[in-house]
Amino acid sequence: MKLAILSRAPHAYSTQRLRAAAIDRGHDVKVLNTLRFAIDLTADEPDLLYRGKLLSDYDAVLPRIGNSITYYGTAVVRQFEQMDVYTPNTATGITNSRDKLRANQILSRHHIGMPATTFVNSRADVRGAIDRVGGAPVVIKLLEGTQGIGVILAPEAKVAESIVETLHSTKQNVLIQSFISESRGKDIRALVVGDRVVAAMRRSASGDEFRSNVHRGGTVEKVTLTPEYEEAAVRSAQIMGLRVAGVDMLEGNDGPLVMEVNSSPGLEGIERATGLDVAGAIIDFIGNQVAFPEIDVRQRLSVSTGYGVAELLVHTNADLVGRTIKESGLWDRDITVLTLHRGASVIPNPRSGVELQASDRLLCFGKLEEMRSMIPDRRRRRSKVRKLPKDA
């Protein structure tokens, strides 16, 4: 295959290892500076220019987008997607993972275990937010910090309030999270490729430092994950739309707590800690998937007038409960079930004999009017506004 690695650091360890792994496997690989692309929207077909010349054809692209160029970098990746070039990490996945708040919102929607987290804007709400995550000590995080930068441990509520107010005064957005004391300055980095964890390491902070990032002097050691931790890592990466990701987890008393999903994980620390060829695993995965470029399913399936994609919830008292998909009548209403979500489990392309249960979520494609008619009226959280009395 012909592979493009998008990177502004061609001599960095990770870039060099990925390039070498691709060459060793007989692939044609180029490292291209992300900022030297120009997006061409004037032609009939989507195109890209590189250093002022029309880009030649590529089979796959591996983004290594730096945090400082997320907007432009993801625009380039999105254009590759429009050109049907395979990428293991979509522009949407990269963008979502870079925003800590957005990432937490997405993961919590899918019941991924995480440290208790709040986000507030008003000074008056800060103390309540601290109380909701369990009180001091708390961890305060800048939304777009990396490598442990912008992560602060506040030992007392008053100190936390002062820090948050100071950051707000400089127009910074912050998260307030519970401090997981049992992790004792340690965390786990799991490197996910496709649907499996290919390597994992435990990172430990040095001295009194509570942040375990290697960039902050932390040490690393190889670790074998339990199935519970593997599942949490793989599901988190998949939910974020990333096929290559570094998933950071704390070891909580009740199991894994996901802190972050990194779309451009460094390879040096984890390869040296584990002795595994992580770069090779990434290249092998891309080589196997190159025939199936990522597509925006909602975009493609919503082209037909009157048809679209929607998620239907099977309510407790719904007629669908206890019926199979074949008996549900969905097919008769021109509705096809693409995926069935049941708790933390996902059943892709469910068969006709699958029996529906309360709280199942069905990702469907079909007639929008038919699907809309199946959604019950939502309860109003507030009473209707009363009309003003007529003048006497």
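Our subject is the structure listed above.
What you see is a predicted model; the values in this text were computed from it and never measured.

A. Just the overall build of the protein, in detail. Within the protein one finds 11 helices and 19 strands. Counting the 392 residues in the protein, one finds 44% classified as buried. Sequence-distant contacts in the protein: of pairs separated by 6 or more residues, those separated by 24 or more amount to 67%. Only carbon and sulfur atoms are counted for the fraction: they give 47% of the accessible area of the protein, which is about 21,500 Å².

B. Spatial organisation of the sheet that holds strand β12 (residues 196–204). Here we have 5 strands laid out as an open sheet, ordered β13-β12-β11-β14-β15, and antiparallel in their pairing. Every other strand in the sheet has two partners, leaving β13 (219–222) and β15 (255–262) as the edge strands with one partner each. Going from strand to strand, the sheet's axes swing by 30° on average, the running direction of each strand aside. Two elements, strand β11 (residues 186–193) and strand β14 (residues 244–252), share 6 bridges in a ladder whose sense is antiparallel. Pairing of V193 across the sheet is with V244, part of β14. Its contacts with the sheet put helix α9 (residues 278–289) on β11, β12 and β14, and the angle it makes with β11 is roughly 35°.

C. Spatial organisation of the packing of aromatic side chains. Per the counting criterion, the structure on display carries 3 aromatic pairs. Ring centres of F37 and Y50 lie 4.9 Å apart, and the angle between their planes is 50°; this geometry places the pair in the tilted category. With F37 in strand β3 (residues 37–40) and Y50 in strand β4 (residues 47–50), this residue pair connects regions lying 13 residues apart in the sequence. The same class applies to F37 as to Y50, namely buried. Residues F37 and F80 carry aromatic rings whose centres are separated by 5.7 Å and whose planes lie at 80° to one another, so their mutual orientation is edge-to-face. Highlighted residues: F37 in strand β3 and F80 in helix α2 (residues 70–82), separated in sequence by 43 residues. Every member of this aromatic cluster is reached through a ring pair, and the members are F37, Y50 and F80. Its end group placed over the ring of Y58, K2 keeps NZ or CZ at 4.6 Å from the ring centre.

D. Summary view of helix α4 (residues 100–109). When we look at burial in α4, the residues that qualify are K100, L101, A103, N104, I106 and L107. Buried positions along α4 lie against α3 (91–98), β7 (117–118), β8 (138–142), β10 (174–178), α7 (227–239) and β15. Regarding α4, its N-cap is D99, as a side-chain oxygen of that residue lies 3.0 Å from the backbone nitrogen of L101 further along.

E. A look at unusual backbone geometry. Across the junction of A136 and P137, the peptide omega takes the value 0°, indicating a cis bond. Within the secondary structure, P137 is located in the loop between α5 (126–132) and β8. Not every positive phi belongs to a glycine, and R51 is a case in point at roughly 50°. Tracing the backbone through its elements, the reader meets R51 in the loop between β4 and β5 (53–54). Of note in the backbone geometry, S359 takes a positive phi value of approximately 80° without being a glycine. By secondary structure assignment, the location of S359 is in the loop between β18 (345–348) and β19 (361–367).

Reading guide: rules and limits
- Residues numbered from 1 in each chain as written.
- Predicted model: local features only at pLDDT ≥ 70, side-chain atom pairs only at ≥ 80, totals over all residues.
- Heavy atoms only, no water.
- Helix = DSSP H or I, 4+ residues; strand = E, 2+ residues; numbered from the N terminus.
- Buried < 20%, exposed > 50% of the residue type's maximum accessible area, 1.4 Å probe, protein only.
- Contact = heavy atoms within 4.5 Å.
- Areas by Shrake-Rupley, 256 points an atom, 1.4 Å probe, with all protein chains shown as cover.
- Pairing = 2+ DSSP bridges.
- Axes fitted to C-alpha atoms, helices over the stretch in contact; angles between N-to-C directions.
- Phe/Tyr/Trp six-rings, centres within 6.5 Å; stacked < 30°, edge-to-face > 60°.
- Lys NZ or Arg CZ within 6 Å of the ring centre and 35° of its normal.
- Polar contact = N/O pair within 3.5 Å; in protein donor to acceptor, adjacent residues only side chain to side chain.

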